[in-house]
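Single-letter residue listing:
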Amino acid sequence: MAVFRDLAALRHWRQGLRGSLALVPTMGNLHEGHLSLVRLAQTRADHVLVSIYVNPLQFGRGEDFAAYPRTLDQDLAKLQEAGCNAIFTPDDSVMYPRGKRDLSLVMPARSLSKVLCGAHRPGHFAGVCTVVAKLLHMSQPQLLVLGEKDYQQYRVLQRMATDLDLPVQVVAGPTQRAADGLALSSRNRYLSPDERSLAPRIFAALRELAQSHGAMAADLAASAAASLVQAGIAVEYLEFRAEDDLRALSRVEAGGRWFIAARLGGTRLIDNVGV
């Protein structure tokens, strides 16, 4: 398994590569959700490159950039065991060599990025699009593999690739969950034991909502959010939107998806379920 920390070494490796390449971008602290994307990539491409970089551009003021778990040695061991071909672990001097103050940004489509998480995390998706666009230019893969847990991010990056005519296919792998239904996330480690015992209620609420075909989405969302708040889970948003373009839908119907962001203590969790 090759490990690259600078752009020149990565590009030299890429120029000599034969066959197709899939990129799996991550911020590290890898879990089974990430590894499932590596396995998906292995079925779709001849070679798999995983990037590990905690991108400061996608964190807002007061968010957990400094505390975000960084576990590079453990990550490399997991990827070695998974049979990954190459890892790219740049630092800020590689990704943003002239700093971040006067940087050219890739702006996401407003219709996709100003709703849901974008409404609560200004600038987040511009940071995501910028770093992923750079990673795509750096590694030139044929395939970009993302996870459905971050479904809005998947749609934003898929639109970016289309709008900018990038020669890459964007695919998403299904959300991986713990046995009790909690979506796997690097931020789950922030949860206290009591918070962890409450967290599966988020997925349970989504699963129940997804079964209410034909009902008014706003009424269902208000009732479900009230139940979660009563249980001790603060709901940032709970909305039903179209899978393709994230437009709001008034009734629960096929082709729609429930989205939630919720907080347990200081931990922000997101999840979604399709109908």
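Located above this text is the structure these notes cover.
Residues numbered from 1 in each chain as written. Predicted model: local features only at pLDDT ≥ 70, side-chain atom pairs only at ≥ 80, totals over all residues. Heavy atoms only, no water.

The side chains of a regular strand alternate, first on one face of the sheet and then on the other. Of all five residues making up strand 5 (residues 143–147), four are buried, and the element is well covered by its neighbours. When strand 2 (residues 21–26) meets strand 5, the two strands line up parallel, connected through two bridges. Of the residues in strand 5, the one forming a bridge with Ala22 is Leu143. Looking at chain direction, strand 5 and strand 6 (residues 169–173) are connected through five bridges and run parallel. Bridge assignment links Leu143 to a residue of strand 6, and that residue is Gln169. On the question of chirality, the crossover connecting strand 5 to the parallel strand 6 by way of helix 8 (residues 151–163) is right-handed. (Buried < 20%, exposed > 50% of the residue type's maximum accessible area, 1.4 Å probe, protein only. Helix = DSSP H or I, 4+ residues; strand = E, 2+ residues; numbered from the N terminus. Pairing = 2+ DSSP bridges. Right-handed = clockwise from strand over helix to strand, strands pointing away.)

Take the state of the cysteines next. As enumerated under the stated definition, the model contains zero disulfides in all. Looking at the unpaired Cys117, the closest cysteine sulfur is the one in Cys129, lying at 14 Å. (Disulfide = S-S within 2.5 Å.)

Right, let's talk about the pairing of strand 8 (residues 256–264) for a bit. Counting buried residues along strand 8, eight of its nine residues qualify, which places the element largely inside the surrounding structure. As defined by bridge partners, strand 7 (residues 234–242) adjoins strand 8 across eight bridges and the pair is classed as antiparallel. Bridging across to strand 8, Tyr237 finds its partner in Ala261. Where strand 8 meets strand 9 (residues 267–274), eight bridges bridge the pair, whose relative direction is antiparallel. Note that in strand 9 the partner of Ala261 across the bridge is Ile270. Counting the residues in the hairpin turn of strand 8 and strand 9 gives two residues, including Gly265, whose phi is positive at 65°.

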